[in-house]
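Notes for the structure review
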Amino acid sequence: MRITALAGGVGGARFLRGLLHHLDSRPPAAGDGPHEVIVIGNTADDVTLHGLRICPDLDTVMYTLGGGIHPEQGWGRAGETFGVAAELEAYGAEPQWFTLGDRDIATHLVRTRMLGLGYPLSAVTEALCARWQPGVRLLPMSDDPIETHVVIDDPDADPAPDGSPAVKAVHFQEWWVRLHAAAPARQILAVGIDQAKPAPGVLDAIAGADVVVLPPSNPVVSIGTILAVPGIRDAIRATRAPVVGVSPIIGGAPVRGMADACLTAIGVETSAAAVADLYADFLGGWLVAPGDHGSVMPDDVALRAVPLLMTDLEATAAIAGAALDLAQELAGESAGR
Ligand code: FO1
């Protein structure tokens, strides 16, 4: 089975780990080759700090599936040391609010050097994954620079002449990590996305998929951003593959992260149904938690209620299995039509 998944950071990576574990126990259909998973990763969280290009969502998928992730954090490396970070602090090198571990820095040094030599991000990611062997093909959504920036009130500046509060734009990482998404986002902008193209292989991965899966990643700054790369949403709407998603919201709250702050910023209710609505133009099936089964869903989206807490590998594998089962039902129906 060829599965293409759109993934953001921690939640997406954890889901993918469960998906691979589930596929280990799901023999390919007769005549099919081995299962193949292609991951289209969000790159708009990317940031340049201390002269290094950092790709948090790509690294979280690579480390999680490659066995190097810090398991509790869901980002950065296991067994980290912070010698370089301590030295940077001693120099007063800003910013101090984004902690880079020594092992993680090696990833950013290799990436920054290759980008500087002219390699596209997709080639850099392939090179880094050659070491980590994540068991999936990890594609950046685009090789072009895209960065999420957040417009927030600027308490230090005078109000505008019309009296409206002064605002400023900060990089998503500053809003997310330093401000804990506590400053209300007046706007969330993916800077550069209109000029961006899907990375090589991305559109083919969508068109050639047997199943397209949306893990429970942030619907605004992860999945939403991937969908906003010109050409990607159209490809998902056009693919013959059933598209099945897993709600990142359980009972009106995000399982982790701060998807609620992001949804509020775009005027969307924090609910499983409201997120499904964001994908209504292509979504075939939607997994929600048992308590959310009653909520009104967009038309012709097949709903399944399953426990959605990714408490451990087996629980996550069961969610992934339910998503694939739903996709096969949908494929069977459309084949039947
Ligand atoms: N998140 C934090 O809350 N604090 C940090 O200091 C931090 C450092 C960091 C370094 C590398 C990296 O790949 C991720 C890091 N993150 C940190 C997480 C990051 O902000 C998020 O994983 C994503 O951007 C959101 O999905």
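Going by what an unreviewed UniProt entry lists, the protein chain is known as 2-phospho-L-lactate transferase and is assigned to Kineosporia mesophila.

1. Observations regarding the pattern of salt bridges
Under the defined criterion, the tally for this structure stands at eleven salt bridges. With a shortest N-O distance of 2.7 Å, R186 and D153 are connected by a salt bridge. Highlighted residues: R186 in the loop between α6 (172-178) and β8 (187-191) and D153 in strand β6 (residues 147-153), separated in sequence by 33 residues. Residue classification places R186 among the partly exposed residues on the basis of a relative accessible area of 44%. Residues R178 and E174 are paired through a salt bridge, measuring 2.6 Å at the closest nitrogen-oxygen approach. Remark: E174 and R178 occur in helix α6; sequence separation between them is four residues, near one turn of the helix. Ionic contacts of the salt-bridge type, sharing partners, join the residues R2, D210 and R240 into one network.

2. What about the environment of A273?
With respect to the helices and strands, A273 occurs in helix α11 (residues 272-278). Residues A273 and A199, 74 residues apart in the sequence, show an inter-C-alpha distance of 31 Å. Setting aside residues no more than four positions away along its own chain, A273 makes contact with S295, V296, M297 and P298.

3. A word on the site of the ligand
Close contacts around the ligand come from G9, D45, P56, D57, W75, W97, F98, T99, D104, Q173, W176 and V177, and that covers them all. D57 is positioned with one of its side-chain polar atoms (N or O) 3.0 Å from an oxygen atom of the ligand. A distance of 2.9 Å separates an oxygen atom of the ligand from a polar atom in the backbone of T99. For the ligand, the protein covers 87% of the area, taking 530 Å² as the surface of the free molecule. Broken down by secondary-structure element, the contributors of at least two residues to the shell around the ligand are α2 (56-66) and α6.

4. Re the sheet that holds strand β1 (residues 2-7)
The seven strands are arranged β5-β2-β1-β9-β10-β13-β14 in an open sheet whose pairing can be described as parallel. Pairing within the sheet leaves two strands with one partner each, and these edge strands are β5 (137-140) and β14 (302-305). Ignoring strand direction, the axes of neighbouring strands in this sheet form an average angle of 20 degrees. In the sheet, strand β10 (residues 243-246) pairs with strand β13 (residues 285-288) via three bridges, with the strands oriented parallel. Directly across from V244, in β13, lies its bridge partner G285. Taken strand by strand, α2 contacts β1, β2 (36-41) and β5, and its axis lies near 175 degrees from that of β5.

5. Some remarks on the domain arrangement of the protein chain
According to the domain assignment, the protein chain contains domain 1 (2-143 + 196-336) and domain 2 (147-193). Its C-alpha centre places domain 1 at a distance of 25 Å from the equivalent point of domain 2. On the domain 2 side, the residues contacting the 22 residues of domain 1 number 17 residues. Here domain 1 packs against domain 2, burying approximately 1600 Å² in sum over the two surfaces, 70% of which is carbon and sulfur. Among the residues domain 1 hides against domain 2, the three largest losses belong to W97, M258 and A265. Together they make up 36% of the total.

6. Concerning helix α1 (residues 10-24)
Since the α-helix packs 3.6 residues into each turn, any two residues three or four apart lie on the same face. The end-to-end C-alpha distance of α1, which contains 15 residues, comes to 22 Å, matching closely the 21 Å that a straight helix rising 1.5 Å per residue would cover. Most of α1 sits out of view: eleven of its 15 residues are buried.

7. Concerning the packing of aromatic side chains
Evaluation of the coordinates by the stated rule reveals seven aromatic pairs. When the ring of W175 is compared with that of W176, the centres are 6.5 Å apart and the planes differ by 50 degrees; the resulting orientation is tilted. The structure contains a cluster of three or more aromatic residues connected by ring pairs, namely F172, W175 and W176. The residue whose ring lies beneath R77 is Y63, and the NZ or CZ to ring-centre distance is 5.6 Å.

8. Thoughts on the environment of A305
Counting through the fold element by element, A305 comes out in strand β14. What makes A305 partly exposed here is its relative accessible area of 35%. The spacing of A305 and H293 is twelve residues in sequence and 5.8 Å in space, taken between C-alpha atoms. Ignoring anything within four residues of it in the chain, the contact list for A305 reads V288, A289, P290 and H293.

The rules behind the values
Starting afresh in each chain, residues are numbered from 1 along the sequence in its written order. Local features are withheld for residues below a pLDDT of 70 in this predicted model, meaning they are given only at 70 or higher, and side-chain atom pairs are given and counted only at 80 or more; totals for whole chains, interfaces and linings count all residues. Calculated side-chain values reflect all of the structure's heavy atoms, with hydrogen atoms and water omitted. Counted as salt bridges are all cases of a side-chain nitrogen of Lys or Arg within 4 Å of a carboxyl oxygen of Asp or Glu. Where helices and strands are cited, they refer to DSSP runs of H or I of at least four residues and of E of at least two residues respectively, numbered from the N terminus. Burial status follows relative accessibility: with a 1.4 Å probe on protein chains alone, a residue under 20% of its type maximum counts as buried, one over 50% as exposed, and anything between as partly exposed. Should any heavy atoms of two residues lie within 4.5 Å, those residues are considered in contact. When at least one non-hydrogen atom of a residue lies within 4 Å of a molecule or strand, that residue is treated as near it. In protein, a polar contact means a hydrogen-donor-capable atom and an acceptor-capable atom, both N or O and within 3.5 Å, with residues adjacent in sequence counting only if both atoms are side-chain atoms; elsewhere, any N or O pair within 3.5 Å suffices. The Shrake-Rupley method, run with a 1.4 Å probe, gives the accessible areas here. Residue values count only the displayed protein chains as cover. DSSP calls a pair of strands paired once it identifies at least 2 bridges connecting them. Note on method: axes are straight lines fitted to C-alpha atoms, helices fitted across the in-contact stretch only, with angles between N-to-C directions ranging 0 to 180 degrees. A domain assignment, automatic or from a database, supplies the domain bounds used here. Reported buried area values correspond to the accessible surface (1.4 Å probe) lost by two parts on association, with both partners' losses combined. One less than the number of residues in a helix, times 1.5 Å, gives the span that helix is expected to have. Side-chain rings of Phe, Tyr and Trp (the six-membered ring for Trp) are treated as a pair once their centres are within 6.5 Å; stacked means planes under 30 degrees apart, edge-to-face means over 60, and tilted covers the remaining angles. Here, a charge over a ring is recorded when the distance from Lys NZ or Arg CZ to the ring centre is within 6 Å and its angle to the ring normal is within 35 degrees.

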